[in-house]
Amino acid sequence: MDFALDAGQEAFRAELCGFLSSELSDEVRASHRDPREWDGWEATFAGEFRRRLGARGFIGATWPVEYGGGGRDARERVIFAEEMEYHDAPAFDRSVTYVPDAILQFGSEAQKRDFLPRLARGECTFFLGYSEPDAGSDLASLQARAEARGDTFIVTGQKAYSSGADRADYGWVAARTDPEAPKHRGISLFIVDMASPGIEIARHETTAGWEHHSVAFDSVEVPRSALVGELNGGWRVIMGAIDAERASLAAPGLLRAQLDRLTEHCRRAPAGGEAGGGVLLDDAAVADRLARLAIEADAAQLISYWVASLIAAGERPQHETSLALLVKRETARALDVAALELLGAGGALRPEAPAAALGGSVLREYLDHLYFHFAAGGFDITRNVIATRGLGLPRG
């Protein structure tokens, strides 16, 4: 299959790259970076940038025109994700990727007409309310409840690993609506207004230094109109949203950024740490390692484009999105390890250390990417999805 982009798609990439390069200069990055935030950017600046991104039509470029989108081909979706990630741009999150996709697929007509235009303009944001303290990877074991009372539901429970909840306008929240049903069949999905009474948010520091959040719901009233899809049919909504999530998270921009940065370092850094003895890239073993990593990054990009081509053809890829995400994240971890080893002692220093190589970005990313092992399914669950859905293997 030919994954070459046409002239319109290349023009879209060029326009987006020009915008990101001009908006995110070194001075802007120095002024508005905040390592404590989950996306590394000050909340105020991230919100402003989201609105500018929306004003240029980038956020909803591939959504239907009738819902505020640009009606572009789904392949522009992976271009958008790839370049946002490559440029380490703020506002690249669920509110511009898989939550809108899930609303398009499962939302009511009223929900589509309410939320999608505002999301396309960058005017509202979501956090993901799936994981719980006692139901992490086994999502179907969640215990948060939504009790029906007339035209409302009363939501009670706690969500964990809810990054960005402190700045979100809405929660994309899974709750149990039928405690007597089998665990996969008694779940519903709700859009929860975060301005509702009874919501408390706590912050927790990660190993990488940024903060994620937990959210407690204490008898929070949610209107029946906020139900996404069918009552007790939330598992189908969640699975569809997760497939969209994995497709967006599989974008290869991170790999390109890691590889470019590491290759440039090896072109400049003296071999053996001393001037006059050539540079790291002169070492055949180093060059071979970088070449192998470049091949893996290219493979991840092609798989991501393949998934985009399936979506553009009207298909709903499932195990294919898991494969794309697995290849991307395993390659990112290989690049993390290679960078730490090739940069030597300076690469293992935190950003605040004066002698930190590349501004301490290597160690920060290595620690940050530990969440690849469990977030969005993690490596083991992702392999299980590929094995059972893709290869038809029996469950162990």
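All figures in this text were calculated on a predicted structure; none of them were measured in a lab.

(A) Layout of the nonpolar core. Residues F49, F126, Y130, W172 and I238 are the most contacted members of the largest nonpolar core, which totals 53 residues. The dominant element in this core, judged by the number of residues it contributes, is helix α7 (residues 234–249), at six residues. Formed by 33 residues, the second largest nonpolar core is a distinct cluster that contains L293, V307, L335 and L340.

(B) Inspection of empty space enclosed by the protein at higher detail. The tally for this structure, following the rule as stated, stands at four cavities of 30 Å³ or more. Looking at the largest cavity, the residues that line it are Q258, R261, L262, L335, D336, A339, L358 and V362. Broken down by secondary-structure element, the contributors of at least two residues to the lining of the largest cavity are α8 (253–268) and α10 (319–343). Its residues assigned to classes, the lining of the largest cavity shows five nonpolar, one polar and two charged.

(C) Focus on the packing of aromatic side chains. This model, assessed by the stated rule, comprises eleven aromatic pairs. With centroids separated by 5.8 Å and ring planes inclined at 40°, the aromatic side chains of F19 and F49 adopt a geometry described as tilted. One end of the pair, F19, is in helix α1 (residues 7–23); the other, F49, is in helix α3 (residues 43–55), with 30 residues separating them in the sequence. Residue class for F19 comes out buried when judged on its relative accessible area of 4%. Here F49 falls in the buried class, since its relative accessible area comes to 0%. A centroid spacing of 5.8 Å and a plane angle of 65° characterise the contact between F115 and F126, whose relative ring orientation is edge-to-face. With F115 in helix α6 (residues 109–120) and F126 in strand β1 (residues 126–129), the pair connects residues that are eleven residues apart, well separated along the chain. For F115, a relative accessible area of 7% gives the class buried. On the basis of relative accessibility, which here comes to 1%, the residue F126 falls in the buried class.

(D) Quick look at the layout of surface pockets. Of the pockets and cavities examined, the second largest pocket occupies roughly 710 Å³. Forming the boundary of the second largest pocket are 38 residues, of which R77, D101, A244, I311 and R316 lie nearest the centre. When contributions to the lining of the second largest pocket are tallied by element, the ones reaching two or more residues are α4 (75–86), α5 (98–106), α7 and α9 (284–312). For the lining of the second largest pocket, the class distribution of residues is 21 nonpolar, nine polar and eight charged.

(E) Spatial organisation of the pairing of strand β2 (residues 145–149). Here β2 pairs with strand β3 (residues 152–159) via five bridges, running antiparallel. Bridge assignment links R145 to a residue of β3, and that residue is T156. Hairpin connection from β2 to β3: two residues lie between these consecutive antiparallel strands, with G150 at a positive phi of about 65°.

Cut-offs and rules
- Residues numbered from 1 in each chain as written.
- Predicted model: local features only at pLDDT ≥ 70, side-chain atom pairs only at ≥ 80, totals over all residues.
- Heavy atoms only, no water.
- Core = buried A, V, L, I, M, F, W, Y, C linked by side-chain atoms within 4.5 Å.
- Buried < 20%, exposed > 50% of the residue type's maximum accessible area, 1.4 Å probe, protein only.
- Helix = DSSP H or I, 4+ residues; strand = E, 2+ residues; numbered from the N terminus.
- 1 Å grid on protein atoms, 1.4 Å probe; cavity = no way out; pocket = protein on both sides within 12 Å on 5 of 7 lines; lining within 4 Å.
- Points joined across faces, edges and corners; volume = space filled by probe spheres on them.
- Nonpolar A, V, L, I, M, F, W, Y, C, P; charged D, E, K, R; others polar.
- Phe/Tyr/Trp six-rings, centres within 6.5 Å; stacked < 30°, edge-to-face > 60°.
- Pairing = 2+ DSSP bridges.

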